[in-house]
Amino acid sequence: MRLLIAEDDPRLLKTLIHIFESNKFSVDGVTRGDDALAYAETEEYDGLILDIMMPGYDGIQVLQKLRKKKITTPALFLTARAEVEQRVEGLDAGADDYLPKPFASSELLARTRAMLRRRDNYCPDLVSFGGVSLNRSTYRLSYKEHIKALSGKEFQIMEMLLLKPHMIIPTDQFISHIWGWESAVDTSVVWVHISNLRKKISALHAPLEIRFIRGAGYVLEELP
């Protein structure tokens, strides 16, 4: 899952990024509302965490502009403004939820997971293909009685493959979705994680393979 976090306090933004990345999310962070709008307009994100008070556009303006463009990415407002009027204003702008500061990390994560479950393209906790299931709550890959735990990046790559079986995913798409556009990650890093996933799929005795298509990318297929 990939999130965009817009928070004008750099220290809090750093903390939020750490919280979500520690829980297997891929995260981009910005401190200005105009940057948040530009990033969110790409529709590359599964969810948005928006502060209300930001330079450029405030969070409500960002969400209003996105909704006018029919961009339905679920959004949660995280702000110090806890009055009823502001909560109503945020929800009326198209937000899915509202969490005032200060907050508990566990509640923030729970509300974010609930928000993502409510989105238009509902994603269940289990993603399955060819009898193999990926549990988004425990980050475990299973086949019959066999189970393998995945690292954060392995989980994110496997999730992308399972959501688009039989479809070729370019290496650059893995990098942009998981590490971010401005990342200096080399394609060999993706290969290393794919190699580890192949070993774990083999250890599960699962009838799947991740094939590399030269000049195109990777594809998840069932074995004959």
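Let me begin by describing the structure that accompanies this report. Just so it is clear, the model here is predicted, and its values are computed rather than measured. (Residues numbered from 1 in each chain as written. Predicted model: local features only at pLDDT ≥ 70, side-chain atom pairs only at ≥ 80, totals over all residues. Heavy atoms only, no water.)

**Observations regarding the sheet that holds strand β9 (residues 146-149)**
If you trace the four strands from one edge of the open sheet to the other, you get β6-β7-β8-β9, paired in antiparallel fashion. What marks the edges here is a single partner per strand, and that holds for β6 (126-129) and β9. On average, adjacent strands in this sheet sit at an angle of 20° to one another, irrespective of strand direction. As paired strands, β6 and strand β7 (residues 132-135) are joined by four bridges and run antiparallel to one another. Bridge assignment links V127 to a residue of β7, and that residue is L134. (Pairing = 2+ DSSP bridges. Helix = DSSP H or I, 4+ residues; strand = E, 2+ residues; numbered from the N terminus. Axes fitted to C-alpha atoms, helices over the stretch in contact; angles between N-to-C directions.)

**Some remarks on the pairing of strand β11 (residues 217-222)**
Along any regular strand the residues' side chains alternate between the sheet's two faces. With six bridges joining them, strand β10 (residues 208-213) and β11 adopt antiparallel strand pairing. Each residue of the ladder has a partner; that of F212, found in β11, is Y218.

**What to know about the packing of helix α7 (residues 171-179) against helix α8 (residues 187-203)**
Geometrically, a packed helix pair is captured by the angle between its two axes and the distance between the axes. Packing of α7 against α8 brings their axes to within 10 Å, and their N-to-C directions diverge by 90°. In terms of orientation, α7 lies roughly perpendicular with respect to α8. The residues of α8 that touch α7, namely those facing T171, D172, F174, I175 and W179, are T187, V189, V190 and H193. (Parallel < 35°, antiparallel > 145°, perpendicular 65-115°, else oblique. Contact = heavy atoms within 4.5 Å.)

**Here's the deal with unusual backbone geometry**
In this model, K101 is joined to P102 through a cis peptide bond whose omega is -5°. The residue P102 is located in the loop between β5 (97-100) and α5 (105-117) in this model. At K70, a position not held by glycine, the phi torsion is positive, near 65°. Along the chain, the position of K70 falls in the loop between α3 (59-68) and β4 (75-79). You can call K70 exposed: its relative accessible area is 69%. You will see that H166, though not glycine, has its phi angle at about 70°, which is positive. Mapped onto the elements of the fold, H166 is located in the loop between α6 (152-163) and α7. (Buried < 20%, exposed > 50% of the residue type's maximum accessible area, 1.4 Å probe, protein only.)

**Overview of the sheet that holds β5**
The sheet built from five strands is open, its strands ordered β2-β1-β3-β4-β5 with parallel pairing. Sheet topology places β2 (26-30) and β5 at the edges, where each strand pairs with a single neighbour. Adjacent strand axes in the sheet meet at a mean angle of 20° when their direction is disregarded. Pairing geometry for strand β1 (residues 2-6) and strand β3 (residues 47-50), over four bridges, is parallel. Residue pairing for β3: A6 is matched across the bridge by L50.

**Quick look at α3**
Residues separated by three or four positions in an α-helix point in the same direction, a consequence of the helix having 3.6 residues per turn. Every buried residue of α3 is accounted for by G59, I60, V62, L63 and L66. All buried residues of α3 fall inside an arc of 160° around its axis, so they share one side. Two or three places before I60, at the start of α3, stands the capping residue D58, its side-chain oxygen 3.0 Å from that residue's backbone nitrogen. Just downstream of α3 lies K70, where phi reads positive at about 65°. (Arc of directions from axis to C-beta. Polar contact = N/O pair within 3.5 Å; in protein donor to acceptor, adjacent residues only side chain to side chain.)

**Examining the pattern of salt bridges**
Counted by the stated rule, this structure contains ten salt bridges. Across the salt bridge formed by E7 and K101, the nearest N and O atoms sit 2.9 Å from each other. Of this pair, E7 sits in the loop between β1 and α1 (10-21) while K101 sits in the loop between β5 and α5, and the two are 94 residues apart along the sequence. Classification of K101 by relative accessible area gives partly exposed; the value is 24%. A salt bridge links R111 to D97, with the nearest nitrogen and oxygen atoms 2.8 Å apart. One end of the pair, R111, is in helix α5; the other, D97, is in strand β5, and 14 residues separate them in sequence. By sharing partners, the salt bridges in this structure join E7, D51 and K101 into a single network. (Salt bridge = Lys/Arg side-chain N within 4 Å of Asp/Glu carboxyl O.)

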